[in-house]
Amino acid sequence: RAVFKNDTAVIDAMVTAYSCEGEQIQVELLSDGVTMEKHIIDVTTRMYDGRVSFQWKGVVPGRHTLQVRILPVPRELTLDNNQAQVEVEVMEDVIKVLVSDDLPRWEFRYLVNLFKRDKHVEFEQLLFEPNDNARNAAPPSFPRDMAGWTKYRVVILGDVSPSQLLPAQQEMLRKYVAEEGGNLIVIAGQASMPAAFDGQPLGGMIPAT
């Protein structure tokens, strides 16, 4: 259901035909309504089952509809079962991730070590405590405009508090998910997440009571 940009997805389909012996069946692969590849199947038996395989290269990032379609044959009784489709998400070669937490908990350290070993992930850490910033440097902060959020493909929130993720930033995060197609992962904690966000913009996005 998902491939990285320039990777190849394999689409396998089973073709079943009854009373079509002697016919040639044309099977097509369409991507977003455009025909990409065709196969011709020779039906040799009255009750026929055959496998057809297509390869599709994900070039343009985003969600794509792939459709396998069979062209009608003479005297076909119904066309309702001549096609099937699936959606495939093409992701960037490198996914940019923001991983954040109040303290370097076990989950935070695990994810950082995991991302270091994944060539497809480029990540930034946002850790509030301990704050090792140099004197007079700006304290750690979540993005304060939409451009700051949308540069990430995935945002991971650990046990942060409303004083660290302000209501205005929460509202931008909500729009980042709902309107910009961003991905949000929340990891609960003992101090703040998720209970401290009850009644705030982030709280309405979390499936918890």
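None of the values given here were measured: they were computed from a predicted structure.

Q: Hey, could you run me through the pairing of strand β8 (residues 95-101) in this one?
A: For a regular strand, side-chain orientation follows a simple rule: the groups alternate between the two sheet faces. In terms of burial, β8 is a largely internal element, 6 of the 7 residues being buried. Judged from the 7 bridges that link them, β8 and strand β9 (residues 121-127) form a sheet pairing that is parallel. Among the inter-strand pairings, Ser100 is bridged to a residue of β9, identified as Leu126. Note on the crossover from β8 through helix α1 (residues 106-116) to β9: the handedness is right-handed. Summarising the sheet, β8 and strand β10 (residues 154-157) pair through 4 bridges and their orientation is parallel. Its bridge partner being in β10, Leu98 is matched across the sheet by Val155.

Q: What's the story with the sheet that holds β9 in this structure? I'm lost.
A: Strand pairing within a sheet occurs via backbone hydrogen bonds; the two strands may be parallel or antiparallel. Read across the open sheet, the 4 strands follow the order β9-β8-β10-β11; overall the sheet is parallel. Looking at which strands have only one partner, the edges of the open sheet turn out to be β9 and β11 (183-186). Sheet twist, expressed as the mean angle between neighbouring strand axes with direction ignored, is 15°. Of the strands in this sheet, β10 and β11 are in contact with helix α3 (residues 167-178), which crosses β10 at around 135°.

Q: Would you take a moment to explain the sheet that holds strand β6 (residues 62-70) for this structure?
A: Read from one edge to the other, the open sheet built from 5 strands follows the order β1-β7-β6-β3-β4, with strand pairing classed as mixed. Whereas interior strands pair on both sides, the edge strands pair on one side only; in this sheet they are β1 (2-4) and β4 (34-42). Adjacent strand axes in the sheet meet at a mean angle of 25°, parallel and antiparallel pairs treated alike.

Q: Please clarify how the environment of Val43 should be interpreted in this entry.
A: Assignment of secondary structure puts Val43 in the loop between β4 and β5 (47-57). Taking relative accessible area as the criterion, Val43 reaches 3% and is therefore assigned buried. Val43 sits 27 residues away from Thr16 along the chain, and the two C-alpha atoms are 9.7 Å apart. Apart from residues no more than four positions distant in its own chain, Val43 is found in contact with Cys20, Glu21, Gly22, Glu23, Ile25 and Tyr48.

Q: Any chance you could explain α3 here in plain terms?
A: Because an α-helix packs 3.6 residues into every turn, residues spaced three or four apart end up facing the same way. The end-to-end C-alpha separation of α3 is 16 Å, in line with the 16 Å expected for 12 residues at 1.5 Å each. All of the buried residues in α3 are Gln169, Gln170, Met172, Leu173 and Tyr176. Looking straight down α3, one finds its buried side chains confined to an arc of 160°; they lie on one side. Residues of α3 that are exposed and point more than 90 degrees away from the buried face comprise Ala168 and Ala178.

Q: In this structure, what is going on with α1? I would like to understand it.
A: Within α1 the residues assigned to the buried category are Phe108, Leu111, Val112 and Phe115. Down the axis of α1, the buried side of the element spans an arc of 100°, and every buried residue falls inside it. On its buried face, α1 sits against β8, β9 and β10.

What counts, and where the lines are drawn
Residues numbered from 1 in each chain as written. Predicted model: local features only at pLDDT ≥ 70, side-chain atom pairs only at ≥ 80, totals over all residues. Heavy atoms only, no water. Buried < 20%, exposed > 50% of the residue type's maximum accessible area, 1.4 Å probe, protein only. Helix = DSSP H or I, 4+ residues; strand = E, 2+ residues; numbered from the N terminus. Pairing = 2+ DSSP bridges. Right-handed = clockwise from strand over helix to strand, strands pointing away. Axes fitted to C-alpha atoms, helices over the stretch in contact; angles between N-to-C directions. Contact = heavy atoms within 4.5 Å. Expected span 1.5 Å × (residues − 1). Arc of directions from axis to C-beta.

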